[in-house]
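Topology and contacts: notes
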Amino acid sequence: MSGTAPIGVFDSGVGGLTVLEALRRALPGERFLYLGDTARLPYGTKSEPTVRQYAVNAAAHLVARGIKLLVVACNTASSYALDAIARVVDVPVVGVVEPGVEAALATGARRIAVAGTEGTVASGAYQRALAMAAPGLEVRAVPCPLFVALAEEGWGDHPVTDLVAREYLGEVLGWGAEAIILGCTHYPLLLPSLRRVAGPDIRLVDSASAVAAAVGRVRFERNEKGGGTVHLLLTDGSDHFLRVARTILGETPQDLELVHLEPGGVS
Ligand code: DGL
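Residues numbered from 1 in each chain as written. Predicted model: local features only at pLDDT ≥ 70, side-chain atom pairs only at ≥ 80, totals over all residues. Heavy atoms only, no water.

**Some words on the site of the ligand**
Taken together, 13 residues lie near the ligand, and S12, Y43, N75, T76 and H186 sit nearest. At 2.7 Å, a backbone N or O of N75 approaches an oxygen atom of the ligand. Measuring from a nitrogen atom of the ligand, one finds a side-chain N or O atom of H186 at 2.7 Å. Considered on its own, the ligand offers 300 Å² of accessible surface; in the complex 99% of this is hidden by protein. Considering only residue class, the shell around the ligand consists of 5 nonpolar, 7 polar and 1 charged. (Near = heavy atom within 4 Å. Polar contact = N/O pair within 3.5 Å; in protein donor to acceptor, adjacent residues only side chain to side chain. Areas by Shrake-Rupley, 256 points an atom, 1.4 Å probe, with all protein chains shown as cover. Nonpolar A, V, L, I, M, F, W, Y, C, P; charged D, E, K, R; others polar.)

And the structure:
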């Protein structure tokens with residue numbers, strides 16, 4: 001694949017933009033093709049076969065457009081479908097779970113909570129990866145489904161989010177978690193509220209820069225002249241998406257295209 005080809009990044013919605021931003025900082029010479037599957041969001045409340053079908057479908061679309069590497073910037077898709085995606089695409093694939101685990105271990109915490117979508121928690125992907133990387137860790141995982149809607153709403157610093165976070169995280173805070181993995185790429189958008197609720201001493205682990213570092217270790221032909229440009233593909237258009245995108249990327253994405261994904265089968 002030619003070095004000038006873009007890096008593909010996908011998520012169900014705006015959450016993956018937190019990863020895209022870290023990638024642009026780490027690889028400023030590259031071009032990016034970002035797919036937000038907004039028509040089918042949320043992924044986190046859907047069953048494994050459905051998420052696998054959506055994720056493979058989105059990955060195949062990006063590959064058909066000529067990407068040279070794929071970042072699955074969605075924990076639910078990474079947890080349920082990374083293997084299925086890797087089987088059907090012919091470019092290197094980087095998910096977010098392994099880098100998230102790496103970032104959590106780097107904090108030195110031994111009692112680790114994972115906050116994620118219902119799907120990510122039910123898949124056990126983080127629990128398995130943490131147990132394999134460092135046996136003897138104490139791990140608890142909590143589903144926080146409303147966080148995705150709050151992030152999509154742009155309520156990252158909001159009393160309603162504080163209230164919801166207290167409800168979801170109260171138990172692991174009481175348990176004495178030393179670190180909480182933000183195991184959904186939407187959750188870093190809620191950092192002001194999450195920090196208020198968790199207090200100053202708990203590490204809130206955002207895997208975005210660890211994902212960028214993992215991409216940096218992959219062998220692919222680099223582009224020095226892409227300038228970090230982003231072409232945005234959405235399966236459903238909304239002003240709302242653009243508003244949140246502007247706060248993350250620091251600019252309103254201009255290069256926007258609506259796409260329709262034909263569902264394809266997956267085993
Ligand atoms: N951002 C996605 C993740 O990291 C999920 C959001 C959703 O439920 O669609 O899991």
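**Notes on unusual backbone geometry**
For residues other than glycine, phi is negative in most cases, and the peptide bonds are mostly trans. Of note, the bond from L41 into P42 is cis; its omega dihedral lies within 30 degrees of zero at 0 degrees. Relative to the assigned elements, P42 resides in the loop between strand 2 (32-36) and helix 2 (48-64). (Helix = DSSP H or I, 4+ residues; strand = E, 2+ residues; numbered from the N terminus.)

**Focus: helix 6 (residues 125-133)**
Regarding helix 6, the residues found buried are A125, Y126, A129 and L130. Projected onto a plane normal to the axis of helix 6, the buried residues spread over an arc of 120 degrees and lie on a single side. Of the surrounding elements, those touching the buried residues of helix 6 are helix 3 (75-88), helix 4 (97-106), strand 5 (111-116), helix 5 (118-123), strand 6 (138-143) and strand 7 (179-183). (Buried < 20%, exposed > 50% of the residue type's maximum accessible area, 1.4 Å probe, protein only. Arc of directions from axis to C-beta. Contact = heavy atoms within 4.5 Å.)

**Let's talk about the sheet that holds strand 1 (residues 7-11)**
If you trace the 6 strands from one edge of the open sheet to the other, you get 4-3-1-2-9-10, paired in parallel fashion. One side of each edge strand has no neighbouring strand; the edge strands of this open sheet are strand 4 (93-94) and strand 10 (256-258). The strands touched by helix 3 within the sheet are strand 1, strand 3 (69-72) and strand 4, with strand 3 carrying the most contacts at an inclination of about 155 degrees. (Pairing = 2+ DSSP bridges. Axes fitted to C-alpha atoms, helices over the stretch in contact; angles between N-to-C directions.)

**Observations regarding the packing of aromatic side chains**
Applying the stated criterion across every chain, the model contains 3 aromatic pairs. Ring plane angle 50 degrees and centroid distance 5.7 Å describe the contact between Y43 and Y54, whose orientation is recorded as tilted. Here Y43 is found in the loop between strand 2 and helix 2, whereas its partner Y54 is found in helix 2, with 11 residues between them in sequence. Where F147 meets Y187, the ring centres are 5.0 Å apart and the plane angle is 85 degrees; that geometry is what we call edge-to-face. Taken together, the positions of F147 in helix 7 (residues 146-152) and Y187 in the loop between strand 7 and helix 9 (191-198) put the pair 40 residues apart, joining distant regions of the chain. Assessed through its relative accessible area of 1%, F147 is described here as buried. Y187 gets classed as buried once you look at its relative accessible area, which sits at 0%. These aromatic residues form a ring-pair network of at least three members: F147, Y168 and Y187. Here the basic side chain of R40 rests over the ring of Y54, its NZ or CZ set 4.1 Å away from the ring centre. The ring centre of F220 lies 4.0 Å from the NZ or CZ of R222, which sits over that ring. (Phe/Tyr/Trp six-rings, centres within 6.5 Å; stacked < 30°, edge-to-face > 60°. Lys NZ or Arg CZ within 6 Å of the ring centre and 35° of its normal.)

**Let's talk about the pairing of strand 9 (residues 230-234)**
With 5 of 5 residues buried, strand 9 is to be regarded as a mostly interior element. Of the two faces of strand 9, the one lined by V230, L232 and L234 and the one lined by H231 and L233 are each fully buried. Both strand 2 and strand 9 contribute to a ladder of 5 bridges, which runs parallel. When the sheet's bridge partners are listed, F32 is paired in strand 9 with V230. At this point the chain moves from strand 9, through helix 11 (residues 239-249), to the parallel strand 10, and the crossover so formed is right-handed. (Right-handed = clockwise from strand over helix to strand, strands pointing away.)

**Some words on the nonpolar core**
Counting 57 residues, the largest nonpolar core has V71, F147 and L169 as its most contacted members. A59, V63, Y80 and L261 belong to the second largest nonpolar core, which has 26 residues in total. (Core = buried A, V, L, I, M, F, W, Y, C linked by side-chain atoms within 4.5 Å.)

**Let's talk about the sheet that holds strand 7**
Taking strand neighbours across the sheet as the criterion, the 4 strands line up as 6-5-7-8 in an open arrangement whose pairing is parallel. With partners counted over all chains shown, the strands left at the sheet margins are strand 6 and strand 8 (203-205), one partner each. Averaged over neighbouring strand pairs, the angle between their axes works out to 20 degrees when direction is ignored. Pairing between strand 5 and strand 7: 5 bridges, direction parallel. If you follow A115 over to strand 7, its bridge partner there is L182. This element, helix 4, spans strand 5, strand 7 and strand 8 of the sheet and lies at about 160 degrees to strand 8.

**Notes on the state of the cysteines**
If you walk through the whole model with that rule in mind, you get 0 disulfides. In this structure C144 is a free cysteine whose sulfur lies 9.0 Å from that of C184, the closest cysteine sulfur available. C144 gets classed as buried once you look at its relative accessible area, which sits at 0%. Unpaired in terms of disulfides, C184 finds its nearest cysteine sulfur in C74, a separation of 6.8 Å. (Disulfide = S-S within 2.5 Å.)

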